Amino acid sequence: MSYYFVMVGHEDNPIFELEYSRVHHISTLDKQSAMQKKDDQLHLHQFTAHASLDIIDENKWTSNNLYFKSLDRFNEYYISAFVTPSQIRFVMLHQDRNDDGIKNLFHDVFELYTKLSLNPFYTPGTKINFQSFLQRVNTLCKKYL
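Described below are features of the structure shown in this document. (Residues numbered from 1 in each chain as written. Predicted model: local features only at pLDDT ≥ 70, side-chain atom pairs only at ≥ 80, totals over all residues. Heavy atoms only, no water.)

## Observations regarding the environment of Gly101
Among the secondary structure elements, Gly101 is positioned in helix 3 (residues 99-117). C-alpha separation for the pair Gly101 and Tyr144, spaced 43 residues apart in sequence, amounts to 4.8 Å. (Helix = DSSP H or I, 4+ residues; strand = E, 2+ residues; numbered from the N terminus.)

Below, the structure written as structure tokens:
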């Protein structure tokens, strides 16, 4: 199963993105074609996540919930979202319906982002380039997905 997670800022700019897959090995015979396919798939995931922002914005004003499970579906991917109180949007493209795991992941990543926002070396709403943040989100993905 593969997952694509992106945090989107106020100006629809990606703050953080991560592709996570439970299968981590690629055969050496098809490495070049696999890299090209992965790059094409990344662009498709980015496009799909960005297109879902309109649906997320419509739903955030009509609901009191922060978590929106399976808002939309594109090909084999479900789209789930979480909107923080500061209007940062977390978008997850996923193939299986693991609603509880994704909800827990969103809450824990929100806690990490809140702690990061208190860091004087980070300006909220800008791209996150901290290796420790990436490692913690990867650990949470392993835990919940």
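The rest of the description comes next.
## Considering the pattern of salt bridges
Under the definition given, this model contains five salt bridges. When the shortest N-O distance is used, the salt bridge between Asp12 and Arg89 registers 2.6 Å. Of the two residues, Asp12 is situated in the loop between strand 1 (2-8) and strand 2 (14-21) and Arg89 in strand 5 (residues 89-94); the sequence distance between them amounts to 77 residues. For Asp12, a relative accessible area of 34% corresponds to the partly exposed category. For Arg89, a relative accessible area of 4% corresponds to the buried category. Across the salt bridge formed by Asp99 and Arg97, the nearest N and O atoms sit 3.8 Å from each other. One continuous salt-bridge network, built from bridges that share partners, spans Asp12, Asp57, Lys60 and Arg89. (Salt bridge = Lys/Arg side-chain N within 4 Å of Asp/Glu carboxyl O. Buried < 20%, exposed > 50% of the residue type's maximum accessible area, 1.4 Å probe, protein only.)

## Focus on the packing of helix 3 against helix 4 (residues 131-144)
One way to put it is that helix 3 packs onto helix 4 with a least axis distance of 9 Å and a crossing angle of 160 degrees. In terms of axis orientation, helix 3 runs roughly antiparallel to helix 4. Of the two elements, helix 3 crosses helix 4, and the hand of that crossing is right-handed. Between helix 3, through Gly101, Asn104, Leu105, Asp108, Val109, Leu112, Tyr113 and Leu116, and helix 4, the contact on the second element is made entirely by Phe133, Arg136, Val137, Leu140, Cys141 and Tyr144. Here the contact of helix 3 with helix 4 is built from residues that sort into ten nonpolar, two polar and two charged. (Axes fitted to C-alpha atoms, helices over the stretch in contact; angles between N-to-C directions. Parallel < 35°, antiparallel > 145°, perpendicular 65-115°, else oblique. Left-handed = near helix turned anticlockwise from the far one by under 90°. Contact = heavy atoms within 4.5 Å. Nonpolar A, V, L, I, M, F, W, Y, C, P; charged D, E, K, R; others polar.)

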